[in-house]
Protein chains: 2
Amino acid sequence: MVSQTEENYLKALFHLTNETIGKIDAGTNELAAFLSVKPATVNDMLKKLKEKELVSYEKYGKITLTQQGKAHAVEVIRKHRLWETFLYEKLAFSWDEVHEVAEQLEHIRSKKLVEQLDRFLNFPEVDPHGDPIPNAKGQLKFIQRSTLVQVEEGKTCQLVAIKDSSASFLQYAVQLGIGLSTQIKVLHRFDFDGSIEIEVNNKRSTVSQKFAENVYVK
Amino acid sequence: MVSQTEENYLKALFHLTNETIGKIDAGTNELAAFLSVKPATVNDMLKKLKEKELVSYEKYGKITLTQQGKAHAVEVIRKHRLWETFLYEKLAFSWDEVHEVAEQLEHIRSKKLVEQLDRFLNFPEVDPHGDPIPNAKGQLKFIQRSTLVQVEEGKTCQLVAIKDSSASFLQYAVQLGIGLSTQIKVLHRFDFDGSIEIEVNNKRSTVSQKFAENVYVK
DNA sequence: TAAAATAGTTAGGTTAGTCTAACAAATATT
DNA sequence: AATATTTGTTAGACTAACCTAACTATTTTA
Ligand SMILES: [Mn+2]
Ligand SMILES: [Mn+2]
Ligand SMILES: [Mn+2]
Ligand SMILES: [Mn+2]
């Protein structure tokens, strides 16, 4: 039995350690900050998760997920993204509203529910933020993505995903007329602060470098 | 903030005290048995619920829900029954599988989710067991129901709901070819033990009085 | 109405998940 | 290398939700 809280720790670890980015482990303080709890709390929890063989870690050492822990994290992420897709496509939730509710729904325990939800949604491959949905076997398709920052002046690209899925970022994106699959033309880059002038649906706007870093395109 | 556990206590109290049956309050042991916890645990919880003004009770006295407590219980029941309907109608869950998962889903907190789910299901009035679904205002339609036991010999009736929604009962019903809206003809009642011979889809079977008491018909 | 049975309460304990405050280890800086 | 900073651990406390064992109050029944 893995509790909801434990699942949230596993998921956090999975997100903090992304092999493809070369980050293979995490620290106590880092995890604590990510989960908005105190390091002492994380320390206690790590002992429990180690006992259950979900993480591997030694006193003062770095934290990594075991195979088992990783598999469980991926299953939770699969549920999270399927629910987000459901909320967005079937229940008319907006881009920025899905995450919070999915944070709760991802912990519902029912094998049949996940399988049927997946089928009901026609086995979607990405969630409303463009993130890949692991399949029933726990396989997560890695999608090659570059950010808006890398796009050359004059070129047009298409938004495939976003990095930050906070409501504040998403609401800003909506205001600019930007959503999944939106065509974005990069007009000019200002070397001074890295901000970029873009054109979306014949409307020009200038966005900050920070914004551009959070937009994945192809 | 009403916790999941607290919600389960409120729901239990709502089900144990049905004004229409003249049962206006409940006891500690009764609640404990219903929830499969010990009386001491219920006693602790009652103090908390009283503090939150969700139940009204005095030491050694009977327990009743306050207006607030009742409203909250009805909201949870609304969610439970909407989710059961969703699972049954959209995700191909069977009659006997919906309850357990709904027991988890009923605690998800999101006003928009409930509203949209209701709309998505086209504002259903009854759940897959024939129980009425409270509307958005918390109004619960009372459905006049008699049981199979009351039906006269020779008459035909239609199943509108069931009392016991345990998997064992439901699976038995399925085996007999009985579901929501099934036509049932009462052929003969054996006075010896109250068992009844019925005809369903041209197939005759004999069911116990206990079974008949759990079947609501019109 | 006294004894027996049932119902309800209290005291003291446990586990999960959180905290603060004090401390120890590891790493970075001068 | 010594010191300062950052990172991680421990001890001790708290709350929610549960338990057992012992007790008390209420209700039933002989
Ligand atoms: Mn999300
Ligand atoms: Mn979560
Ligand atoms: Mn149910
Ligand atoms: Mn429940």
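This text follows the structure it describes.
Let us look at the structure shown here. Fair warning: this is a prediction, and the values are worked out from it, not measured in the lab.

**Some remarks on the protein's contact with DNA strand D**
Then, number 1: Close contacts around DNA strand D come from 21 residues, with N29 and N43 of chain A together with S3, T41 and K48 of chain B the closest.
Then, number 2: The contact in question runs from a phosphate oxygen of DNA strand D to an N or O atom on the side chain of K47 of chain A, over 3.0 Å.
Then, number 3: At the level of secondary structure, the elements contributing two or more residues to the surface near DNA strand D comprise α2 (28-35) and α3 (39-51) of chain A together with α1 (4-16) and α3 (39-51) of chain B.
Then, number 4: Broken down by element, the surface near DNA strand D gets its largest block of residues, five residues, from α3 of chain B.

**Some words on the coordination of the manganese ion (ligand 1)**
Residue and element names in this part refer to chain A.
Then, number 1: For the manganese ion (ligand 1), every protein donor is listed as H80 (NE2), E84 (OE) and H99 (ND1), and the spread of their distances is 2.0 to 2.2 Å.
Then, number 2: Linear spacing of the donor residues for the manganese ion (ligand 1) on their chain is H-x3-E-x14-H. Note that E84 is positioned in helix α4 (residues 67-90) and H99 in helix α5 (residues 98-105), a separation of 15 residues in sequence.
Then, number 3: Assessed through its relative accessible area of 30%, H99 is described here as partly exposed.

**Let's talk about the sheet that holds strand β5 (residues 183-189) of chain A**
All names here are of chain A.
Then, number 1: Strand order in the open sheet formed by six strands is β3-β8-β4-β5-β6-β7, with antiparallel pairing between adjacent strands. The sheet terminates laterally at β3 (146-147) and β7 (203-207), the two strands that pair on one side only.
Then, number 2: Where β3 lies against strand β8 (residues 215-217), two bridges are found, and the strand directions are antiparallel. The residue bridging S146 from the neighbouring strand is V217, located in β8.
Then, number 3: In the packing of helix α7 (residues 167-175) onto the sheet, contacts are made with β4 (156-162), β7 and β8, and the angle to β7 comes to roughly 150 degrees.

**Here we look at the coordination of the manganese ion (ligand 4)**
Then, number 1: Only N8 of chain B (OD1), E103 of chain B (O), E103 of chain B (OE), E106 of chain B (OE) and H107 of chain B (NE2) from the protein coordinate the manganese ion (ligand 4), and they sit 2.0 to 2.7 Å from it.
Then, number 2: Judged by relative accessible area, which is 25%, E103 of chain B ranks as partly exposed.

**Some words on the protein's contact with DNA strand C**
Then, number 1: Around DNA strand C lies a shell of 21 residues, among which S3 and T41 of chain A together with N43, K59 and Y60 of chain B are the nearest.
Then, number 2: Close to the protein, within 4 Å, the atoms of DNA strand C belong to sugar or phosphate groups at a rate of 77%.
Then, number 3: Within the backbone of T28 of chain B, a nitrogen or oxygen atom sits 3.2 Å from a phosphate oxygen of DNA strand C.
Then, number 4: Y60 of chain B is positioned such that a nitrogen or oxygen atom in its backbone is 2.9 Å from a phosphate oxygen of DNA strand C.
Then, number 5: For the surface near DNA strand C, the secondary-structure elements that each account for two or more residues are α1 (4-16) and α3 of chain A together with α2 (28-35) and α3 of chain B.

What counts, and where the lines are drawn
Residues numbered from 1 in each chain as written. Chains lettered and ligands numbered in written order. Predicted model: local features only at pLDDT ≥ 70, side-chain atom pairs only at ≥ 80, totals over all residues. Heavy atoms only, no water. Near = heavy atom within 4 Å. Polar contact = N/O pair within 3.5 Å; in protein donor to acceptor, adjacent residues only side chain to side chain. Helix = DSSP H or I, 4+ residues; strand = E, 2+ residues; numbered from the N terminus. Donors = N, O, S within 2.8 Å, 3.2 Å for Na, K, Ca; no water. Buried < 20%, exposed > 50% of the residue type's maximum accessible area, 1.4 Å probe, protein only. Pairing = 2+ DSSP bridges. Contact = heavy atoms within 4.5 Å. Axes fitted to C-alpha atoms, helices over the stretch in contact; angles between N-to-C directions.

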